Amino acid sequence: MKRFLILFIASTFLLGCKKESSVNLSSDDCNFAQSLAALNKLIVECNDSQLNSVSEIEENLIGDWTLSGIRSNWTAFEQASECLLLSISPESLTLKNLHTDEEFNSTWKLITYEVDQYVVFYLEPENEELRWSVGMQFFSKNIMYGAGLADDTNIYVYEKVN
């Protein structure tokens, strides 16, 4: 009986622990697109294999994503310098800058709306400060990108790590 009680207490502690991101990346592991052509290739790849249902997208979002690049609509291509890890769980997301260890947390929801008879998806963080960097609008199995529902701002492109 004593062994059972010890085993029960130990398993309760283990099961009660919050799962941390399973990816152990450092800022040295950042893999930025080296050119506008490379970044555009990721965007085209995402568009060619887009997920088109809420359930598919929500299921696929769960996991860890790294920033591959930021495409500016106003300036020439500049290689991204922010090493960002975006970890998404069913309830929340965490955006961590691996250079500074700065971390932002938010709940999220996937919203849909219709534009010219096309369904548009949007990953909406509750924390408005994250809108530009995690407001994704286009989703495939391994790539997602978006501009926080704006046409005239930077487009963030993420690739799935796990």
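What this report covers is the structure whose coordinates are included nearby.

Next up on the list: the overall build of the protein. Of regular secondary structure, the protein possesses 4 helices and 8 strands. Counting from the amino terminus, the protein carries its helices and strands in the arrangement α-α-α-β-β-β-β-β-α-β-β-β. For the protein, buried positions account for 35% of its 162 residues. A separation of at least 24 residues holds for 54% of the contacts in the protein among residues at least 6 apart in sequence. With the model as given, the accessible surface of the protein reaches about 10200 Å², and the carbon-plus-sulfur share is 52%.

Within the structure shown, the criterion is met by 1 aromatic pair. Consider the rings of Phe138 and Tyr145, whose centres lie 4.7 Å apart with planes at 20°: the pair is stacked.

Bringing the sheet that holds strand β3 (residues 92–97) into the picture now. One open sheet holds the 8 strands; their spatial order is β5-β4-β3-β2-β1-β8-β7-β6, and the pairing between them is antiparallel. Of all the strands in the sheet, just β5 (118–125) and β6 (138–139) have a single pairing partner and so form its edges. Pairing of strand β1 (residues 63–71) with strand β8 (residues 155–160) involves 6 bridges; the strand directions are antiparallel. What sits directly across from Arg71, in β8, is Ile155. Contacts between helix α2 (residues 36–48) and the sheet are confined to β1, β6, β7 (143–146) and β8, with β1 contributing the most and set at about 130° to the helix. Each of β1, β2 (84–88), β4 (103–115), β5, β6, β7 and β8 is contacted by helix α3 (residues 54–61), which is oriented at about 165° to β4, the strand it contacts most.

Here is what the cut-offs are and how they apply
- Counting of residues starts from 1 at the beginning of each chain's written sequence and follows it residue by residue.
- Per-residue local features are limited, in this predicted model, to residues with pLDDT of at least 70; the limit for side-chain atom pairs, both in listing and counting, is 80 or more; totals at the level of whole chains, interfaces and linings are taken over all residues.
- Each side-chain value is derived from all of the structure's non-hydrogen atoms; neither hydrogens nor water enter the calculation.
- The helix count covers DSSP runs of H or I at least four residues long, the strand count covers runs of E at least two residues long, and both are numbered beginning at the N terminus.
- Exposure classes here rest on a 1.4 Å probe applied to the protein chains alone. A residue is buried below 20% of its type maximum, exposed above 50%, and partly exposed in between.
- We call two residues in contact when some of their heavy atoms are within 4.5 Å.
- Residue exposure ignores everything except the shown protein chains as possible cover, and the areas themselves are Shrake-Rupley values with a 1.4 Å probe.
- Two rings from Phe, Tyr or Trp (for Trp, the six-membered ring) form a pair when their centres sit within 6.5 Å of each other. Planes less than 30 degrees apart are called stacked, planes more than 60 degrees apart edge-to-face, and all others tilted.
- When DSSP finds two or more bridges between two strands, those strands count as paired.
- Here, axes are lines fitted to C-alpha atoms. For helices the fit covers the stretch in contact, and angles between N-to-C directions go from 0 to 180 degrees.

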